[in-house]
Amino acid sequence: MHPPTPTLRRLAVVLTALAAVVATVAAVLLTAAPRASAATLTPVGSFGTNPGNLGMYTYVPDGLPDGAPLVVLLHGCTQNAADYHANSGWAEYADSHGFALVYAEQKSANNANTCFNWFQPGDVARDSGEARSVRSMVEHAVAAEGLDADRVHVSGLSAGGAMAGELLAAYPDLFAGGSIVAGIPVGCADGMVDAFTCMNPGKTRTPEQWGDAVRAKNPGWSGPLPRVAVWHGTADYTVAPANGTASVSQWTNAHGLDGAADATEQLPGGTTADYHGGTAATADVAHFRVSGMGHGTPVDPGQGCGTAGAYFLDAVCSTGYTVDFWGLGEVTDPDPTGDPDPTPSPTGDPDPTPSPTEDPEPGECVESSNYDHVRAGRAVQRSGLTYAVGSDDPLGLWNVFVTTALTETSPGYWEHTPGAC
């Protein structure tokens, strides 16, 4: 073997230095990443009886405790489980709020466009076809992961939204709540040809008739019905917005409500939220109308909620507001050991910035993490976002990584004052 030439020695030195730089950059990126998780979207080959021939995938956040909630997700036509997982924002909320996800996936052998068959009576009847397959997924996940069988929810887009409604009606004993995104009312169609009429322009029925379609799915049920959120864009030309109105009419009637909203709220992205049967925290039915939005799942990438793309539309964080509506909006306690005075962190940061030990004097500027601002009462969190108390100035994501400056300009009134501290 010949000794290395000077040129080769210099090349070796350069390569060694380059490797060190790459390793350093990689270490910095890993350290700075706000979401570090070993959890992955995992296929489940066998989950029990599967007459609908569906695929099942699970996502279980790291360290998820026993008794956590479960959310079942149903993609839209031409999509699959991986698409929905990557773009909808549900993975981030599962991580930060502590619940498991199950994705049902349609196969092209069942439907050429991979739509769930919400219009086929044999696939939506209780314990039949695709509906029974989803029930098997729920039962498998609850048993395998030790989840809370009383806190199971389902959400879907388009054909998945229509199927979500069918599941809520067929299994009010299985689902505590649901979300119908750009979907169709329960019982609208009984075949493929009829389905196109339901999609656009939609069908006209009385609230009682729509409610009867829910009651007919499980006529022996006398217990509580799931809480239902309905999302629809006002410029949806694929599934007419009339379907969102009809779904609200359907579920308010099923809940025994008169159809009049009890509260209305304006949300980001030109979104109007009407709450039926209570407030945002207690209503049986919520109707979220996104002004000017077309056909898709509303996301808000600027706030860390999903990714914009085909059928994932940058408008508002529907995932976050749905999580809040269902009552899953509390960030999980990262220290479940019972320590009476831990320094918690919604993202698992082992060393978050501590809250000040004393209340600031009026007019004093306080710079801290958004998480600690909320703990100290200077800010509030809604749907994973932080807002200053008093001014309601938006501060960004609720976590220990985002640091903001707040000034109390008058007693109890805080304003966002970047660079003032």
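Relevant structure appears above.
Keep in mind that what you see is a predicted model, and the values were worked out from it rather than measured. (Residues numbered from 1 in each chain as written. Predicted model: local features only at pLDDT ≥ 70, side-chain atom pairs only at ≥ 80, totals over all residues. Heavy atoms only, no water.)

**Q** Mind showing me how you'd approach the overall build of the protein here?
**A** From N to C terminus, the protein includes 11 helices and 18 strands. Out of the 421 residues in the protein, the part that is buried amounts to 50%. In the protein, once contacts between residues fewer than 6 apart in sequence are set aside, the share between residues at least 24 apart is 63%. When the accessible area of the protein is evaluated, it comes to approximately 18,400 Å², of which 56% is carbon and sulfur surface. (Helix = DSSP H or I, 4+ residues; strand = E, 2+ residues; numbered from the N terminus. Buried < 20%, exposed > 50% of the residue type's maximum accessible area, 1.4 Å probe, protein only. Contact = heavy atoms within 4.5 Å. Areas by Shrake-Rupley, 256 points an atom, 1.4 Å probe, with all protein chains shown as cover.)

**Q** Is there a simple way to explain helix α10 (residues 318-326) in this structure?
**A** An α-helical segment advances 3.6 residues per turn. Residues three or four places apart therefore align on the same side. With 8 of 9 residues buried, α10 lies mostly within the body of the structure. Of all the residues in α10, the buried ones are S318, T319, G320, Y321, T322, V323, F325 and W326. Once α10 ends, the next one or two residues include G327, with phi positive near 85°.

**Q** Explanation requested: the state of the cysteines in the structure shown.
**A** Each disulfide consists of a covalent bond between the sulfur atoms of two cysteine residues. Inspection of every chain in the model, using the stated rule, returns 4 disulfides. One disulfide bridge connects C188 with C198, the sulfur atoms lying 2.1 Å from each other. Its torsion about the S-S bond being -105°, the disulfide of C188 and C198 is classed as left-handed. Of this pair, C188 sits in the loop between β6 (177-181) and α7 (192-199) while C198 sits in helix α7, placing them 10 residues apart in sequence. In the protein, the bonded cysteines, taken in the order they occur along the sequence, pair up as 1-2, 3-4, 5-6, 7-8. (Disulfide = S-S within 2.5 Å.)

**Q** Please explain the side chain of D236 as it appears in this structure.
**A** Residue placement: D236 occurs in the loop between β7 (227-233) and α9 (242-254). No salt bridge is formed by the buried D236. Its closest oppositely charged neighbour is R289, at 13 Å. A polar contact of 3.4 Å, which involves the side chain of D236, links it to the side chain of H232. Among the polar contacts listed, one links the side chain of D236 to the backbone nitrogen of T238, at a separation of 2.9 Å. Dropping the residues within four chain positions of it, D236 is found in contact with A182, P241, M293, G294 and H295. (Lys, Arg positive; Asp, Glu negative; His and termini not counted. Salt bridge = Lys/Arg side-chain N within 4 Å of Asp/Glu carboxyl O. Polar contact = N/O pair within 3.5 Å; in protein donor to acceptor, adjacent residues only side chain to side chain.)

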